[in-house]
Amino acid sequence: MADTRHDWEVDEILALLERPFNDLLFEAHTVHRARFNPNQIQVSRLLSIKTGSCSENCGYCSQSAHHDTAVEKEQLMPVAEVLAEARKAKDEGATRFCMGAAWRNLNDRNLEQIIEMVKGVRALELETCMTLGMLTEMQARRLKESGLDYYNHNLDTSPEYYGEVITTRTYQDRLDTLAHVREAGINVCSGGILGMGESRRDRASLLQQLANLPRHPESVPINNLVQVEGTPLHGVEPLDPFEFVRTVAVARIIMPHSHVRLSAGRSEMSDEMQALCFFAGANSIFHGDTLLTTPNASESHDEALFRRLGLTSRVVEEKHAHSSVHAA
């Protein structure tokens with residue numbers, strides 16, 4: 001069984017991705033079962049608190065100002081409206097409330113309003129997560145002081161393929177933000193997007209970047225590209241579902257203590273594909289009909305699927321015992 005490592009080579013990870021499917025899933029499930037209850041899924045809710053008109057040119061994103069999509073620009077939501085959504089999420093079974101703003105980076109003029117959101121959501125006894133673009137060291141410290149539990153900042157793809165998807169921000173910019181978050185003592189949420197035209201080796205390279213961080217991300221979201229009309233990646237050939245499951249399985253093997261989250265793209269996954277992902281080690285999802293601006297599987301569908309598979313949602317018993325960074 002794999003130990004926790006931070007020295008993975010791309011070829012080692014590629015060899016895992018190329019293993020016979022049954023052998024790969026057996027190992028991944030064995031690793032998963034040794035560290036988690038295999039029948040419990042952590043449930044989060046994601047809310048777009050500021051939508052559209054982002055200055056980044058991410059080729060997959062409906063919110064980029066560079067792309068002609070149907071998304072309309074909206075200003076930063078008032079704190080009271082965000083907290084009302086958080087209460088609703090808690091009533092519907094979420095244990096973590098994630099808030100996302102379509103910014104290249106957090107501006108200091110918005111920081112105090114963001115801090116009020118964090119404090120308000122924590123007061124509801126929900127875990128808190130933010131994704132606001134790039135952060136400075138000072139901003140990360142302030143967010144930690146406000147009680148932020150998690151910060152999401154995805155690497156998206158491999159360093160080698162990154163320039164094919166985004167040119168307005170460097171890969172190192174993303175790594176620097178993750179370093180600021182970790183140094184501030186906030187749990188790291190970082191993963192990527194599959195199905196953007198990348199190669200299997202690119203997927204191995206992305207996983208290498210995540211697994212070789214000084215500390216593994218506590219949460220690893222794995223997105224299946226949701227193709228949005230008007231974006232450069234609209235029309236790209238969809239990823240083979242088995243390749244997606246393989247990537248989930250390898251993420252579980254090389255980051256054995258992380259929560260691996262099925263994120264965007266679940267609305268287009270069959271129940272059988274999701275079941276394979278859960279068996280392969282995925283143990284977190286987003287609840288709700290929408291993820292920022294893209295469709296998500298409905299809550300009623302998720303509840304029915306959980307019943308069919310004998311899964312339950314994980315209740316966080318010590319939601320705010322985060323005096324030090326630890327796995328969620």
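In this text, all values refer to a predicted model and were calculated from it rather than measured experimentally.

**Let's talk about the confidence of the model for the protein chain**
Moving on, step 1. When pLDDT is averaged along the protein chain, the result is 86, and 86% of the positions lie at 70 or above.
Moving on, step 2. When the criterion is pLDDT under 50, residues 315-328 qualifies, and its contacts beyond four places in sequence or with other chains add up to 34 contacts.

**Section: the pattern of salt bridges**
Moving on, step 1. Going through the model one piece at a time under the given rule, you end up with 17 salt bridges.
Moving on, step 2. Between Arg5 and Asp7 there is a salt bridge, and its shortest N-O distance comes to 2.8 Å.
Moving on, step 3. Taking the relative accessible area as the measure of exposure, Arg5 reaches 25% and is therefore partly exposed.
Moving on, step 4. A salt bridge links Asp156 to Arg174; the nearest nitrogen and oxygen atoms lie 3.2 Å apart. A residue pair is termed long-range when its members are at least 10 positions apart, and Asp156 in the loop between β4 (150-152) and α6 (171-184) and Arg174 in helix α6 qualify at 18 residues.

**Quick notes on the nonpolar core**
Moving on, step 1. If you look at the biggest cluster of nonpolar residues, it comprises 91 residues, and the most contacted ones within it are Ile49 and Leu143.
Moving on, step 2. Leu143 has contacts with Leu106, Leu111, Ile114, Ile115, Leu132, Leu135, Leu148, Tyr151 and Ile186, leaving out every residue within four places of it along the chain.
Moving on, step 3. Formed by 5 residues, the second largest nonpolar core is a distinct cluster that contains Leu46, Cys98, Cys129 and Tyr150.

**Notes on the pairing of strand β7 (residues 219-224)**
Moving on, step 1. Most of β7 is tucked away: 6 of the 6 residues are buried.
Moving on, step 2. Burial of the side chains of β7 extends over both faces: Ser219, Pro221 and Asn223 are buried on one face and Val220, Ile222 and Asn224 on the other.
Moving on, step 3. In terms of strand pairing, strand β6 (residues 192-194) meets β7 through 3 bridges, oriented parallel. For Leu194, the partnering residue across the bridge sits in β7 and is Asn224.
Moving on, step 4. Following the backbone out of β6, through helix α7 (residues 200-211) and into the adjacent parallel β7, one traces a crossover that is right-handed.
Moving on, step 5. In terms of strand pairing, β7 meets strand β8 (residues 259-262) through 4 bridges, oriented parallel. Among the inter-strand pairings, Val220 is bridged to a residue of β8, identified as Val260.
Moving on, step 6. Read as a crossover between parallel neighbours, the route from β7 over helix α8 (residues 241-254) to β8 is right-handed.

Basis of the calculations
Residues numbered from 1 in each chain as written. Predicted model: local features only at pLDDT ≥ 70, side-chain atom pairs only at ≥ 80, totals over all residues. Heavy atoms only, no water. pLDDT = per-residue confidence, 0-100. Contact = heavy atoms within 4.5 Å. Salt bridge = Lys/Arg side-chain N within 4 Å of Asp/Glu carboxyl O. Buried < 20%, exposed > 50% of the residue type's maximum accessible area, 1.4 Å probe, protein only. Helix = DSSP H or I, 4+ residues; strand = E, 2+ residues; numbered from the N terminus. Core = buried A, V, L, I, M, F, W, Y, C linked by side-chain atoms within 4.5 Å. Pairing = 2+ DSSP bridges. Right-handed = clockwise from strand over helix to strand, strands pointing away.

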